[in-house]
Amino acid sequence: MEISNLIQSKNTISARKKNILIELVNAWIKKEEKNAIGIAILFIMVGTMIASISAALAIQGEIAYFPLIFTCLSAMGANVMAISQQPFKIITWTFIINILGNLLLIIYQLKAYV
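Residues numbered from 1 in each chain as written. Predicted model: local features only at pLDDT ≥ 70, side-chain atom pairs only at ≥ 80, totals over all residues. Heavy atoms only, no water.

Enquirer: Can you walk me through the overall build of the chain in this structure?
Expert: A count of helices and strands for the chain gives five helices and zero strands. Tracing the chain from N to C terminus, the helices and strands come up as α-α-α-α-α. Sorting the 114 residues of the chain into buried and exposed places 27% on the buried side. In the chain, 73% of the contacts between residues at least 6 apart in sequence involve partners at least 24 apart. (Helix = DSSP H or I, 4+ residues; strand = E, 2+ residues; numbered from the N terminus. Buried < 20%, exposed > 50% of the residue type's maximum accessible area, 1.4 Å probe, protein only. Contact = heavy atoms within 4.5 Å.)

Written as structure tokens, this is what we have:
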């Protein structure tokens, strides 16, 4: 009897920790919302530049269809989000996906050719 009285269990459910990087980006988005037009124009220029490098690498030599399709869809999709005046949060996240995806494809394609 005494043993069962000594054993105590505490069931605690801890809140799931959120991703710090996502919180930082969302905080930056809220802070820079008043400059949304200028930042969206910058996103269009930088995203298109990186996508054009990725597309050029995709058609060098043999055509690599997957990198070319991803590059075109992500770049044009991000540009459409900015041009159609979606909320700044959506514009920012589409350009983050566009830029990171195309940078990874550039690294992959450069390693494939070297």
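Enquirer: Teacher, can you tell me more about the packing of aromatic side chains here?
Expert: In this description, an aromatic ring pair is defined by two values, namely the gap between the centres and the angle between the planes. One pass over the full model with this rule turns up three aromatic pairs. Seen in terms of ring centroids, Trp28 and Phe88 are 6.1 Å apart; in terms of plane orientation they differ by 40°. Their pairing is tilted. Separated by 60 residues along the polypeptide, Trp28 in helix α2 (residues 20–31) and Phe88 in helix α5 (residues 88–113) bring together distant segments of the chain. Under the relative-accessibility criterion, Phe88 is labelled buried at 4%. (Phe/Tyr/Trp six-rings, centres within 6.5 Å; stacked < 30°, edge-to-face > 60°.)

Enquirer: For this particular structure, what's the right way to read the nonpolar core?
Expert: The biggest cluster of nonpolar side chains holds ten residues, and these are Val25, Ile29, Ile39, Ala40, Phe43, Ala78, Ala82, Phe88, Ile91 and Phe95. Counting residues per element, the ones that place at least two in this core are α2, α3 (36–58), α4 (65–83) and α5. Here Ile39 is in contact with Trp28, Glu32 and Phe88, once residues within four sequence places are set aside. (Core = buried A, V, L, I, M, F, W, Y, C linked by side-chain atoms within 4.5 Å.)

Enquirer: It is not clear to me how the layout of surface pockets should be interpreted in this structure. Could you clarify?
Expert: Over the atoms rolls a probe the size of a water molecule, and in doing so it shows where empty space is left. Considered as a void within the structure, the largest pocket measures approximately 170 Å³ in volume. Residue lining of the largest pocket: Ala36, Ile37, Ala40, Ile41, Ile44, Ala82, Gln85, Gln86, Phe88 and Ile91, and that is the complete set. Elements with a minimum of two residues in the lining of the largest pocket: α3 and α5. Among the elements that make up the lining of the largest pocket, the one with the highest residue count is α3 (five residues). Here the residues of the lining of the largest pocket sort into eight nonpolar, two polar and no charged. (1 Å grid on protein atoms, 1.4 Å probe; cavity = no way out; pocket = protein on both sides within 12 Å on 5 of 7 lines; lining within 4 Å. Points joined across faces, edges and corners; volume = space filled by probe spheres on them. Nonpolar A, V, L, I, M, F, W, Y, C, P; charged D, E, K, R; others polar.)

Enquirer: Would you take a moment to explain a nonpolar patch on the surface for this structure?
Expert: Residues Ile59, Ile63, Tyr65, Ile69 and Leu73 make up a contiguous nonpolar surface patch of roughly 550 Å² in combined accessible area. Here Ile69 shows up in helix α4. The exposure class assigned to Ile69 is partly exposed, which follows from its relative accessible area of 48%. (Patch = residues over 30% accessible without salt bridge, like charges linked within 9 Å, V, L, I, M, F, W, Y side chains within 5 Å. Areas by Shrake-Rupley, 256 points an atom, 1.4 Å probe, with all protein chains shown as cover. Salt bridge = Lys/Arg side-chain N within 4 Å of Asp/Glu carboxyl O.)

Enquirer: Would you explain α3 in this entry?
Expert: Along an α-helix, a turn takes 3.6 residues, which lines up residues three or four apart on a common side. Compared with the 33 Å implied by 1.5 Å per residue over 23 residues, the 32 Å span of α3 between its first and last C-alpha is a close match. Check the buried side of α3 and you find it contacts α2, α4 and α5. (Expected span 1.5 Å × (residues − 1).)

Enquirer: How should I be thinking about the confidence of the model for the chain in this particular structure?
Expert: For residues with low pLDDT, the predicted coordinates do not support detailed interpretation. Counting all residues, the mean pLDDT for the chain is 87, and 84% of those residues have values of 70 or more. Averaged pLDDT values over the elements of the chain bottom out at 60 in helix α1 (residues 2–6) and peak at 94 in α3. (pLDDT = per-residue confidence, 0-100.)

Enquirer: What's the story with the packing of α3 against α5 in this structure? I'm lost.
Expert: How two helices sit against one another is set out by the angle between their axes and by the gap between those axes. Interaxial distance between α3 and α5 falls to 9 Å at its minimum, and their mutual angle equals 20°. Accordingly, the angle class assigned to the pair α3 and α5 is roughly parallel. Relative to α5, α3 is oriented so that their crossing is left-handed. Partitioning the contact of α3 with α5 into residue classes produces 20 nonpolar, six polar and no charged. (Axes fitted to C-alpha atoms, helices over the stretch in contact; angles between N-to-C directions. Parallel < 35°, antiparallel > 145°, perpendicular 65-115°, else oblique. Left-handed = near helix turned anticlockwise from the far one by under 90°.)

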